[in-house]
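Chain by chain, the residues:
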Amino acid sequence: MNFEDFIIAPKPIKTEEWQLGAHISNEILEDSIVLLFVSDYRGARGDAEVQDFMNVRREFYRLSKLDFEIPMVDLGDLVSGKSLEDTHYILQEVLSACHYKHAIPVVVGGSTDLAYSLYSALDFHYKKINYTQINNIVSLAQGEEINERNFLSKILGSKNFEIQNYHHLGYQKHLNEVDSVKLIKEVQFDVIRLAEMMNSTDRTEPYFRKTDLVTINCDAIESGMDPFSINPQVNGLNKREVCAYMKEIGLSENLKSVGIFNFNIYSDDRMNHQLLAQMIWYLIEGINIQRTHPKERKFETYWVMVGDESYAFQRDTFRNLWYFGEDEDSNNLIPCSRSDFEEAKRGYLGERFTRN
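Trainee: What is the right way to look at the overall build of the chain in this model?
Mentor: The secondary structure content of the chain amounts to 9 helices and 14 strands. Radius of gyration (C-alpha) of the chain: 20 Å, near the 21 Å computed for a compact globule of 356 residues. By its C-alpha atoms, the chain is 65 × 45 × 40 Å across when sized along the principal axes. When each of the 356 residues of the chain is scored for burial, the buried share is 56%. Summarising the internal contacts of the chain: among those between residues at least 6 apart in sequence, 72% fall at separations of at least 24. For the chain, the exposed surface amounts to about 16,800 Å²; the carbon and sulfur share of it is 46%.

Structure (structure tokens):
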């Protein structure tokens, strides 16, 4: 497939040598971070006309390159297909090209249902995927044509996909149907309330640590006078919190794909463009830090009695991160927090540690 037929190359932006824009390529590079901007909002009852992401790019390009070593790519703006399904198909082809080069695609814009394409493209190359989503809504609606209400049920219910773990973070009780949340929990996936994510990333960082795919619905971020998302909410993660979480996403040991959806591209507020640009920047910072971490690890093991059973918690001495389990292979350990360890010492062991 010739991507030039479907992608509009970004216009040049003048930047200084110390800024990101001076070091961004327009071709998919091996082991790079690849930005792709999408304007198809039909899955959220919007339109599909190509929008100008220049304001976001201008803010992003002028941020500091810092000491980033990972190659960065801006492919441009994806031209929407004749139908939403066509857009999904084209997007999957572009994402697959990124995965062939072990690049991490970051899709920005479009409606939340595009997460289905990110998952589908990733599933073609890898199996047993760990998927973490930040979204204020848990919807398992059914329907033939894909949209923001049913894409999750299509991912979780597909016989063709191999999902290992699913974590749903940031849901708000007053916006959700009880049965959908209950069903997610019944199949032993995690649903985490917004309240547990506020003020600190410590408790919910473990849900990002081994994830392959992360998607963020901008509806889960609080909006000001000029909405940040196409479905603005008065409650949600604040600006500092969402940037902190973007860095945690980048620090994932297995990160392979990221989507940031439902951004209000129609906003004239420069603060909204700055926030989206800085979210991307913190994601890149996390990825760069992760790639500098030593491959070999040393662990301290702590045994805790809960009832009549003893359980092992292990601490990575370099990164001060905690894991649950006694396996010597860290890939088989369950990421956890220091607070999980402290609660176990008080006799409470979280449900996700006792699942079969």
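Trainee: Explanation requested: the pairing of strand β3 (residues 33-38) in the structure shown.
Mentor: Both faces of the sheet carry side chains from a regular strand, because those side chains alternate between them. Of all 6 residues in β3, 6 are buried, a share of seventy percent or more. Burial along β3 is two-sided: I33, L35 and F37 and V34, L36 and V38, pointing in opposite directions, are all buried. Inspection of the sheet shows β3 paired to strand β4 (residues 72-78) by 6 bridges, in the parallel sense. The residue of β4 that forms the bridge with F37 is D77.

Trainee: Got a minute to help me understand helix α5 (residues 178-186) in this structure?
Mentor: Along an α-helix, residues three or four positions apart point the same way, because every turn accommodates 3.6 residues. Here α5 has its buried residues at S180, V181 and I184. Across the axial projection of α5, the buried residues extend over an arc of 95°, all falling on one side. Away from the buried face of α5 by more than 90 degrees, exposed residues V178, D179 and E186 are located. Tucked into the core, α5 has its buried residues touching α4 (151-157), β7 (163-171) and β8 (190-193). Positive backbone phi, approximately 65°, marks Q188, located one or two places after α5.

About the thresholds
Residues numbered from 1 in each chain as written. Predicted model: local features only at pLDDT ≥ 70, side-chain atom pairs only at ≥ 80, totals over all residues. Heavy atoms only, no water. Helix = DSSP H or I, 4+ residues; strand = E, 2+ residues; numbered from the N terminus. Rg over C-alpha atoms; globule rule 2.2 N^0.38 Å. Buried < 20%, exposed > 50% of the residue type's maximum accessible area, 1.4 Å probe, protein only. Contact = heavy atoms within 4.5 Å. Areas by Shrake-Rupley, 256 points an atom, 1.4 Å probe, with all protein chains shown as cover. Pairing = 2+ DSSP bridges. Arc of directions from axis to C-beta.

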